[in-house]
Structure formats: C-alpha cells, structure tokens
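Structure at a glance
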Amino acid sequence: MNDVKSLSHSKWRCKYHIIFTPKYRRQIIYGRIKADVGKILRDLCKRKNVEIIEAECCPDHIHMLVTIPPHLSVSSFMGYLKSKSSLMIFDKHANLKYKYGNRHFWCRGYYVDTVGRYEGAIKEYIRNQLQEDIAQDTLNFKEYTDPFTGEPVK
C-alpha cells in the first residue's frame, strides 16, 4: 500500500498517533454525547484536510491516528481541534455549561507519537492527566474575605 502523498516538489508521509482526554468532571457527560463529539472531530479534521486513518472514543480518552499535511504543525492543529470542538460541543449542548461550569471540555495538553503505539506511555499519560485534573479540581477558590468590604464571608 502506497501511502506517500506528494505535492509538486515534495513527497510526505506524516502520520501521528494523538491522544487527549476530557476533563475529569466532563467524563459523565462525555459518555452521553460521544457520538456528537466524534462527528464534531471528524468535521473539524475535514476542514483542515487532515485525514483520519483510525479513531476511537474510549470511556476516558480519545485515540486518533491521523495524517497531517506538512504545512500544519501538530501543535497548531491540536490547538484548533481542542478549542473549536469545545466551543461546538457547548454550542450544541448549551445546557452543559450551566450545569458543569465553564466552557472547558478537554484536559490541558495531549500525547503525540509518530505512528507507533506505546501502550505503557499512553496509559501513564492518561493516568497523569486524570490525576492532575482531579488535583486541580480539588483546589479551593473560595474567598474568605470580601475584597470590597474586607469583612469575612459567611
């Protein structure tokens, strides 16, 4: 199978295995809207001429094997994919932002590997992402004094 693509003066084969996860609190709704998330991701990839070779929506993360054209960097594509998909998810399911807070759907960061699939590194990445997100979620942002009056908040 010849999967080398060509432009007028160059030949390229840029396959990437990308993994990213929804935020810890979003995993509840992620199961219910998994089909919509897949459709949104396919649509966004098609807009950027990124070919999805294989993709899978697991209960706590997304695997994608994609071919990204050389004029796009992986980081710019992932920034586009995660930010636009978050906006589209919350536009389509508008009630979610009121029930679960802000419009952030995905965890920070992603895991990228060129074509190979290293199970150990992938499992460690997912475990670390979830632990970081749980730790971030447990931080207390409550103000104990009113910033305007200086009195204790009840």
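Here the structure is a predicted model, which is why all the values come from computation and not from measurement.

Now for the overall build of the protein chain. Helix and strand counts for the protein chain stand at five helices and six strands. Ordered by position from N to C terminus, the α and β elements of the protein chain give β-β-β-α-α-β-β-α-α-β-α. Expressed as a percentage of its 154 residues, the buried residues of the protein chain come to 36%. Sequence-distant contacts, at least 24 apart, represent 65% of the contacts inside the protein chain between residues at least 6 apart.

The strand order β4-β5-β3-β6 describes an open sheet built from four strands, whose pairing is antiparallel. At either margin of the open sheet sits one strand with a lone partner, and together these are β4 (51–57) and β6 (111–113). Strand-to-strand twist in this sheet, taken as the mean axis angle between neighbours without regard to direction, amounts to 15°. As paired strands, strand β3 (residues 15–20) and strand β5 (residues 62–67) are joined by six bridges and run antiparallel to one another. Bridge pairing in β5 links H17 to L65. Relative to the sheet, helix α2 (residues 34–47) contacts β3, β4 and β5, its axis offset from that of β4 by approximately 165°. Taken strand by strand, helix α3 (residues 74–92) contacts β3, β5 and β6, and its axis lies near 40° from that of β3.

Ranked by size, the top nonpolar core spans 26 residues in total, and within it I18, F20, I68, F77 and L81 carry the most contacts. Sorting the residues of this core by element identifies β3, α2, β5 and α3 as the ones contributing at least two each. The residues touching I68, leaving out its near neighbours within four places in the chain, are W12, C14, Y16, I18, V50, V74 and F77.

For N49, which is not a glycine, the phi torsion comes out positive at approximately 60°. With respect to the helices and strands, the residue N49 is situated in the loop between α2 and β4.

Attention now goes to the pattern of salt bridges. Taken as a whole, this structure holds two salt bridges when the rule is applied. K92 is the salt-bridge partner of D36, the closest N and O atoms lying 3.6 Å from each other. Of this pair, D36 sits in helix α2 while K92 is found in helix α3, placing the two residues 56 residues apart along the sequence. A relative accessible area of 22% means that D36 is categorised as partly exposed. When its relative accessible area of 48% is taken as the criterion, K92 is described as partly exposed.

As for its position among the elements, T67 is in strand β5. For T67, a relative accessible area of 6% corresponds to the buried category. Apart from the residues within four sequence positions on either side, T67 is in contact with K5, W12, C14, K15, N49, V50, E51 and I53.

This part is about the pairing of β5. Burial runs high along β5: six of the six residues are buried. Side-chain alternation along β5 places I62, M64 and V66 on one buried face and H63, L65 and T67 on a second face that is also buried. Relative to β5, β4 runs antiparallel, the two sharing six bridges. In the sheet register, E51 faces β5, and the bridge partner there is T67. Count of turn residues in the β4/β5 antiparallel hairpin: four residues.

About the criteria used
Residues numbered from 1 in each chain as written. Predicted model: local features only at pLDDT ≥ 70, side-chain atom pairs only at ≥ 80, totals over all residues. Heavy atoms only, no water. Helix = DSSP H or I, 4+ residues; strand = E, 2+ residues; numbered from the N terminus. Buried < 20%, exposed > 50% of the residue type's maximum accessible area, 1.4 Å probe, protein only. Contact = heavy atoms within 4.5 Å. Pairing = 2+ DSSP bridges. Axes fitted to C-alpha atoms, helices over the stretch in contact; angles between N-to-C directions. Core = buried A, V, L, I, M, F, W, Y, C linked by side-chain atoms within 4.5 Å. Salt bridge = Lys/Arg side-chain N within 4 Å of Asp/Glu carboxyl O.

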